[in-house]
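These are the residues of each chain, in order.
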Amino acid sequence: STSSGDGGLLGVWQRSLVYSLPAVLYVVHNNLIFVAHVYLSAPMYQLLSNLKIIAAGVIFRFILRRQLLVIQWMALLQLAAGLACSGFDDS
């Protein structure tokens, strides 16, 4: 028996189970990054990875109903414009 009264080995497994889903998602995310590097050029990968920032800004504003500063809106618009302009390069 342990001195903290956590239920022994079963308690350790129950506490560890909380971290299993984030760990699995992290492994899947890292493997998808390697797949993306195989199929995308480096500049295109970098621009598409910026979609995370744009999505976070939209979620922050509209779903969480929080305000963005003007400079934050400008940054999101610049990222979106860069992403849109990169599609014209593939001629």
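Residues numbered from 1 in each chain as written. Predicted model: local features only at pLDDT ≥ 70, side-chain atom pairs only at ≥ 80, totals over all residues. Heavy atoms only, no water.

**What about the packing of helix α3 (residues 42–49) against helix α5 (residues 70–86)?**
Running from N to C, α3 and α5 cross one another at 145°; their axes reach a closest spacing of 9 Å. Crossing of α3 against α5: the hand is left-handed. Judged by residue contacts, Met44, Leu47 and Leu48 of α3 engage Gly82, Leu83 and Ser86 from α5. For the contact of α3 with α5, the class distribution of residues is 4 nonpolar, 2 polar and no charged. (Axes fitted to C-alpha atoms, helices over the stretch in contact; angles between N-to-C directions. Helix = DSSP H or I, 4+ residues; strand = E, 2+ residues; numbered from the N terminus. Left-handed = near helix turned anticlockwise from the far one by under 90°. Contact = heavy atoms within 4.5 Å. Nonpolar A, V, L, I, M, F, W, Y, C, P; charged D, E, K, R; others polar.)

**What to know about unusual backbone geometry**
Of note, the phi angle at arginine 65 is positive, near 55°, even though the residue is not glycine. Locating arginine 65 in the fold gives a position in the loop between α4 (51–63) and α5.

**Regarding a nonpolar patch on the surface**
A cluster of nonpolar side chains, Val35, Val38, Tyr39, Leu40, Leu48 and Leu51, forms an exposed patch at the surface whose accessible area comes to about 570 Å². Looking at the nonpolar patch, the element that brings in the most residues is helix α2 (residues 20–39), giving 3 residues. Looking at the element boundaries, valine 35 is found in helix α2. On the basis of relative accessibility, which here comes to 43%, the residue valine 35 falls in the partly exposed class. (Patch = residues over 30% accessible without salt bridge, like charges linked within 9 Å, V, L, I, M, F, W, Y side chains within 5 Å. Areas by Shrake-Rupley, 256 points an atom, 1.4 Å probe, with all protein chains shown as cover. Salt bridge = Lys/Arg side-chain N within 4 Å of Asp/Glu carboxyl O. Buried < 20%, exposed > 50% of the residue type's maximum accessible area, 1.4 Å probe, protein only.)

**Digging into the packing of α3 against α4**
Two elements in contact, α3 and α4, have axes whose closest approach is 4 Å; the angle formed by their N-to-C orientations is 10°. It follows from the interaxial angle that α3 and α4 lie roughly parallel. Residues Leu47, Leu48 and Ser49 of α3 pack against Leu51, Lys52 and Ile53 of α4. By residue class, the composition of the contact of α3 with α4 is 4 nonpolar, 1 polar and 1 charged. (Parallel < 35°, antiparallel > 145°, perpendicular 65-115°, else oblique.)

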